[in-house]
Amino acid sequence: MSASFLRSADGLVGIEYGHFLVESRGLTEPPRPAFEDGKVLSPVDDAFAVGVVSSFTRHALVQIESWDGEPEGEVTEECVVHFSDASIAARAVMAPGPESGTLELPAPGTYRVRVHRWGGDQVDHLMRTYPDAPIHRVEHVVLRLWPTDEPAQPREAPLTELGEQHRALGSWLTSR
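In this text, all values refer to a predicted model and were calculated from it rather than measured experimentally. (Residues numbered from 1 in each chain as written. Predicted model: local features only at pLDDT ≥ 70, side-chain atom pairs only at ≥ 80, totals over all residues. Heavy atoms only, no water.)

Draft legend 1. Molecular detail of unusual backbone geometry. Backbone geometry places Y17, a non-glycine residue, at a positive phi of 55 degrees. When you line up the elements, Y17 lands in the loop between β1 (5-14) and β2 (19-24). Judged by its relative accessible area of 69%, Y17 falls in the exposed class. Notably, D46 is not glycine yet its phi reads approximately 70 degrees, a positive angle. If you trace the backbone, D46 turns up in the loop between β3 (41-44) and β4 (47-51). (Helix = DSSP H or I, 4+ residues; strand = E, 2+ residues; numbered from the N terminus. Buried < 20%, exposed > 50% of the residue type's maximum accessible area, 1.4 Å probe, protein only.)

Draft legend 2. A look at the sheet that holds strand β8 (residues 103-104). The strand order across the open sheet built from 5 strands is β3-β4-β2-β7-β8, with neighbouring strands paired in antiparallel fashion. Only two strands of the sheet have a single partner each, and these edge strands are β3 and β8. Alignment of strand β7 (residues 87-92) against β8, held across 2 bridges, turns out to be antiparallel. From the neighbouring strand, S87 faces β8, where its bridge partner is E104. (Pairing = 2+ DSSP bridges.)

Draft legend 3. Quick look at the environment of K39. Within the element layout of this structure, K39 appears in the loop between β2 and β3. As for K39 and V50, which are separated by 11 residues in sequence, their C-alpha atoms are 8.8 Å apart.

Draft legend 4. Region of the structure containing the pattern of salt bridges. Under the definition given, this model contains 7 salt bridges. For the salt bridge of R91 with E23, the shortest nitrogen-to-oxygen distance reads 2.8 Å. In this pair, R91 is assigned in strand β7 and E23 in strand β2, connecting sequence segments 68 residues apart. No difference in accessibility class separates R91 from E23, as the two residues are buried. Its salt-bridge partner being K39, residue E77 comes within 3.9 Å of it at the nearest N-O pair. With E77 in the loop between β5 (59-67) and β6 (78-83) and K39 in the loop between β2 and β3, the pair connects residues that are 38 residues apart, well separated along the chain. Shared partners join several salt bridges into a network, and the residues in it are E70, E78, R112, R114 and E150. (Salt bridge = Lys/Arg side-chain N within 4 Å of Asp/Glu carboxyl O.)

All we've got here are geometric facts, nothing functional implied.
So this is what it looks like as structure tokens:
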């Protein structure tokens, strides 16, 4: 039996530091993905970061899709992430809020994510050929999510001493 497409959300998302984020409303603090060399997807609880191909890319046309099972097609990079809230959206790393539409997953829980990307090679070529034409700095990304029983294995970057101080300050401010 093949999987069925349920719904999708899309948007033009900013790229900062070569990545953008997809996160749920259940996120309670800024995500700290542990970016690994050669990995496109970096999951943490309630979020994952997606890397782009070209260092010149400034935006990504992102489509996030919900499926009821594993979709057919080419297997590219995948990860497993747990969402405590079923509403997810994409945004630039430093953006104050969502830049894509909000996708309502069937329920909170653990999901497998598969990424499909294209356009980064064209961005590189166009920037070498026409370096003053910023309109050609967009990649395309499709993210397909479906429920799984696999355990999520988020890999968070360790907090630095300064990060610990920021966390303590944030806790103190919210307790007032």
